[in-house]
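Residues per chain, in single letters:
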Amino acid sequence: MPFTFTYGIIAFTVIFSFTCFNKEERLMHYAFIPFRIRNAGEHFRFLSHAFIHADEMHLIFNMIGFYFFGEPLENYLSIHYSPLTGKIIFVLFYSSAIYAASLHQFFKNKDNEAYISLGASGAVNAVVFAFILVYPNSQMGFLFLPFAVPAWIFGLFYLGISFYLSSRRSNNPFLNRIDHSAHFWGALYGLCFMAVLQPSLLQEFLDKIF
């Protein structure tokens, strides 16, 4: 099986998340806290928060979604450009999506000492919607769907479920710190990134849908 950065990102995220489960001090050290970023210069939080998760379900849901959409998107970029260039673009895309999905809450809560969030949902949604722009009619299935649906419908469904999981209340205090607005901004960034990278994709997307 050829190496892909999709597998590498998943492996690192799973391992790093497990080292933080049930360790509040460690979670707090890597969580997204705009107040600390602004006032203590802890800019690493912009990136580190995407590699920690509230619990196993939060981690599994994000990584399954990333696997389904990340690998074919990475392969598409590797074929469309070159194996090396495509993988570099993919890594830069995922990394920048983490930042892009977080900027809204950073500016909104930079003076709010109480605001905390964590998880890869924003970046994963960027990957999901970048894939959808490239392959809108690709048939996708999921664990709890007994049938396949076009990717653009699957993506909307995924976004809805992701929103539900991030906004539901839980006895786990960190599960209540998942930023659902990052899902929207991540999805928007994924569409914009691919549209800027390949402007022809917009017209191709509309042609395939309609």
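It should be noted that the structure appears before, not after, this text.
S.K.: Run through the packing of aromatic side chains, naming residues and quoting values.
M.R.: As enumerated under the stated definition, the model contains 20 aromatic pairs in all. Ring geometry for Phe46 and Tyr99: centres 5.4 Å apart, planes at 25 degrees, overall stacked. Highlighted residues: Phe46 in helix α4 (residues 45-48) and Tyr99 in helix α6 (residues 83-109), separated in sequence by 53 residues. With a relative accessible area of 34%, Tyr99 lands in the partly exposed category. Arranged with centres 5.1 Å apart and planes meeting at 75 degrees, the rings of Phe69 and Phe131 form a pair that is edge-to-face. Linking Phe69 in helix α5 (residues 56-80) with Phe131 in helix α7 (residues 121-134), this pair joins segments that are 62 residues apart in sequence. Residue Phe131 is classed as buried on the basis of its relative accessible area, which comes to 2%. Through successive ring pairs, a cluster of aromatic residues spans Phe12, Phe16, Tyr30, Phe44 and Phe51.

S.K.: Would you mind going over helix α1 (residues 5-20) in detail, with residue names and values included?
M.R.: Helical geometry note: an α-helix holds 3.6 residues per turn, so side chains three or four residues apart project in the same direction. Its 16 residues place the ends of α1 22 Å apart at the C-alpha level, agreeing with the 22 Å of an ideal helix rising 1.5 Å per residue. Buried within α1 we find Thr6, Ile9, Ile10, Thr13, Phe16, Ser17 and Cys20. Summarising the axial view, the buried residues of α1 lie within an arc of 145 degrees, below the 170-degree limit, and thus occupy one face. Phi for Asn22, located one or two positions after α1, is positive at around 60 degrees.

S.K.: Provide a residue-level description of α5, including the pertinent values.
M.R.: The end-to-end C-alpha distance of α5 is 35 Å, a good match for the 36 Å that 25 residues give at a rise of 1.5 Å each. At Tyr67, α5 is bent by approximately 30 degrees, the largest bend along its length. Measuring from the backbone nitrogen of Met57 back to the side-chain oxygen at the start of α5 gives 3.3 Å, which picks out Asp55 as the cap.

S.K.: Explain the nonpolar core residue by residue, including any values.
M.R.: With 50 residues, the main nonpolar core has Ile52, Phe66, Leu73, Tyr94, Val124 and Met194 as its most contacted residues. For this core, the elements supplying multiple residues, two or more each, are α1, α2 (24-30), α5, α6, α7, α8 (151-167) and α9 (181-197). Ignoring any residue separated from it by four or fewer positions in sequence, one finds Leu73 in contact with Phe90, Phe93, Val127, Ala130, Phe131, Val134 and Met194.

S.K.: Tell me about unusual backbone geometry, and please be specific about residues and values.
M.R.: A positive phi angle, near 60 degrees, is found at Asn22, a position not held by glycine. Within the element layout of this structure, Asn22 appears in the loop between α1 and α2. Residue class for Asn22 comes out exposed when judged on its relative accessible area of 80%.

S.K.: An account of the packing of α6 against α9 is needed here, citing residue identities and associated values.
M.R.: Running from amino to carboxyl end, α6 crosses α9 at an angle of 140 degrees, the nearest separation of the two axes being 8 Å. Viewed along their axes, α6 and α9 adopt a mutual orientation that is oblique. For the crossing formed where α6 meets α9, the hand is right-handed. Contacts from Ile89, Phe93, Ser96, Ala97, Ala100, Ala101, His104 and Gln105 in α6 reach Ser181, Ala182, Trp185, Gly186, Tyr189, Gly190, Phe193 and Leu197 in α9. Its residues assigned to classes, the contact of α6 with α9 shows 10 nonpolar, 6 polar and no charged.

The rules behind these values
- Residues numbered from 1 in each chain as written.
- Predicted model: local features only at pLDDT ≥ 70, side-chain atom pairs only at ≥ 80, totals over all residues.
- Heavy atoms only, no water.
- Phe/Tyr/Trp six-rings, centres within 6.5 Å; stacked < 30°, edge-to-face > 60°.
- Helix = DSSP H or I, 4+ residues; strand = E, 2+ residues; numbered from the N terminus.
- Buried < 20%, exposed > 50% of the residue type's maximum accessible area, 1.4 Å probe, protein only.
- Expected span 1.5 Å × (residues − 1).
- Arc of directions from axis to C-beta.
- Bend = angle between axes of the 7 residues up to and from the residue.
- Polar contact = N/O pair within 3.5 Å; in protein donor to acceptor, adjacent residues only side chain to side chain.
- Core = buried A, V, L, I, M, F, W, Y, C linked by side-chain atoms within 4.5 Å.
- Contact = heavy atoms within 4.5 Å.
- Axes fitted to C-alpha atoms, helices over the stretch in contact; angles between N-to-C directions.
- Parallel < 35°, antiparallel > 145°, perpendicular 65-115°, else oblique.
- Left-handed = near helix turned anticlockwise from the far one by under 90°.
- Nonpolar A, V, L, I, M, F, W, Y, C, P; charged D, E, K, R; others polar.

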